[in-house]
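The primary structure of each chain is shown beneath.
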Amino acid sequence: MSKFFALIPAAGFGARMKTNLPKQYLSLGGRPMIYYAVRTLYLSPDITNVVVILSPEDREWLKYDWSEFSSKLIVLNCGGETRAMSTLNGLMAISESSLIHDEDWVLVHDAARPCLSEELLKRMLDELSKDTVGGLLAVPISDTLKRSGINDRVQETESRKNLWQAQTPQMFRLKLLMNALCKPNSVTMTDDASAVEALGLYPKLVLGDVRNIKITYPKDLSLAELILREQQGEV
Ligand code: C5P
């Protein structure tokens, strides 16, 4: 039977946050943001290991105590210049061990999405574990979409029909994902599914949750804190 591995690329610097501290370490509810992604993936009984990919220059990880996750946690300082390169480096490193096999599943999840719930993760595993391609969490677009032209004036209104916003985790089998990410065009792709699509495959969209937000700007942190408190039954 195929096993499930989680991989968190966490080698970015979060330039849009405009802080010196890499985004994944910003304080959220008294913990570094990445703690929540690690915890949710660790708590899933289906997930065998949680692999965290750090930058070779990372100076923050060891400042925290991760011992509560030690039975599943694998930390590798092999991040690359882009998210796709960090992910591929991590996949290549674990594929050389006897822990993981070509047909095992890898769930790639951004450190910057701390509000993934255990229920949503379970739904994704249930819906995709028999799928031939794999897939991703995503939510249908609810806003009206405008394309801007000169001076931020609306040039066109786009149809939102059939448009979804991609989230993470994104879940594919190890060999397929490595094949997809090692193509030269994949280097700058901002998610794993794009690389799989470029192989001519059709990843499945699994209904995500708008609360599975991605932290991009400082103001996103207070919203994430509210969502986490709600999930923990505190509000
Ligand atoms: O910057 P962005 O929010 O798109 O990053 C998404 C995820 O990819 C984050 O968890 C970030 O740490 C990771 N990343 C990485 N290596 C890079 C760039 C981003 O692991 N070179």
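As shown above, the structure is provided for reference.
For every chain, the first residue of its written sequence is number 1, and the numbers climb from 1 along that sequence. Restriction of local features to residues with pLDDT of at least 70 applies here, the model being predicted, together with a cutoff of 80 or more for giving and counting side-chain atom pairs; totals for whole chains, interfaces and linings are based on all residues. For the side-chain quantities, the full set of heavy atoms in the structure was used; hydrogens and water were omitted.

Caption draft 1: Broad picture of the pattern of salt bridges. Salt-bridge detection follows one rule: a side-chain nitrogen of Lys or Arg within 4 Å of a carboxyl oxygen of Asp or Glu. Scanning the entire structure with this criterion turns up seven salt bridges. Here R83 ties to D192 by a salt bridge, and the two come within 3.1 Å at their closest N and O atoms. Of the two residues, R83 sits in helix α2 (residues 83-95) while D192 sits in helix α5 (residues 192-197), which places them 109 residues apart along the sequence. Among the salt bridges present, the one from R147 reaches E158, with a minimum N-O distance of 2.6 Å. Placement of R147 in strand β8 (residues 145-148) and of E158 in strand β9 (residues 154-158) is noted, with a sequence separation of eleven residues between them. Relative accessibility under 20% of the residue-type maximum defines a buried residue, over 50% an exposed one, and the middle range a partly exposed one, all with a 1.4 Å probe and only protein chains included. With relative accessibility at 45%, the residue R147 sits in the partly exposed group. Of the residues examined, E158 reaches a relative accessible area of 26% and is grouped as partly exposed. Helical segments are the DSSP runs of H or I of at least four residues, strand segments are the runs of E of at least two, and each set is numbered from the N terminus.

Caption draft 2: Up close: the site of the ligand. For this purpose, a residue is taken to be near a molecule or strand whenever a single non-hydrogen atom of the residue falls within 4 Å of it. Around the ligand sit 16 residues, and of these P9, A11, K23, S86 and K214 come closest. The term polar contact refers here to a pair of N or O atoms within 3.5 Å; inside protein, the definition further demands a hydrogen-donor-capable atom paired with an acceptor-capable atom, and it admits residues adjacent in sequence only when both atoms are side-chain atoms. The separation between an oxygen atom of the ligand and a polar main-chain atom of A11 is 2.9 Å. Residue E81 places a main-chain N or O atom 3.2 Å away from a nitrogen atom belonging to the ligand. Where accessible areas are quoted, they stem from the Shrake-Rupley method and a 1.4 Å probe; at the residue level, only the protein chains shown are allowed to cover. Protein contacts shield 86% of the accessible area of the ligand, which totals 460 Å² for the unbound molecule. Of all the secondary-structure elements, those providing two or more residues to the shell around the ligand are β1 (4-10) and α2. In this count, Pro and Cys sit with the nonpolar residues alongside Ala, Val, Leu, Ile, Met, Phe, Trp and Tyr, while Asp, Glu, Lys and Arg are called charged and the others, Gly among them, polar. Across the shell around the ligand, the residue classes tally to five nonpolar, five polar and six charged.

Caption draft 3: Main features of the pairing of β1. In terms of burial, β1 is a largely internal element, seven of the seven residues being buried. Of the two faces of β1, the one holding F4, A6, I8 and A10 and the one holding F5, L7 and P9 are both buried throughout. One bridge is not enough; two strands pair if DSSP finds at least two bridges between them. Pairing of β1 with strand β4 (residues 47-54), which is carried by seven bridges, proceeds in the parallel orientation. The partner of I8 across the bridge, within β4, is V52. Summarising the sheet, β1 and strand β6 (residues 105-108) pair through four bridges and their orientation is parallel. Among the inter-strand pairings, L7 is bridged to a residue of β6, identified as V108.

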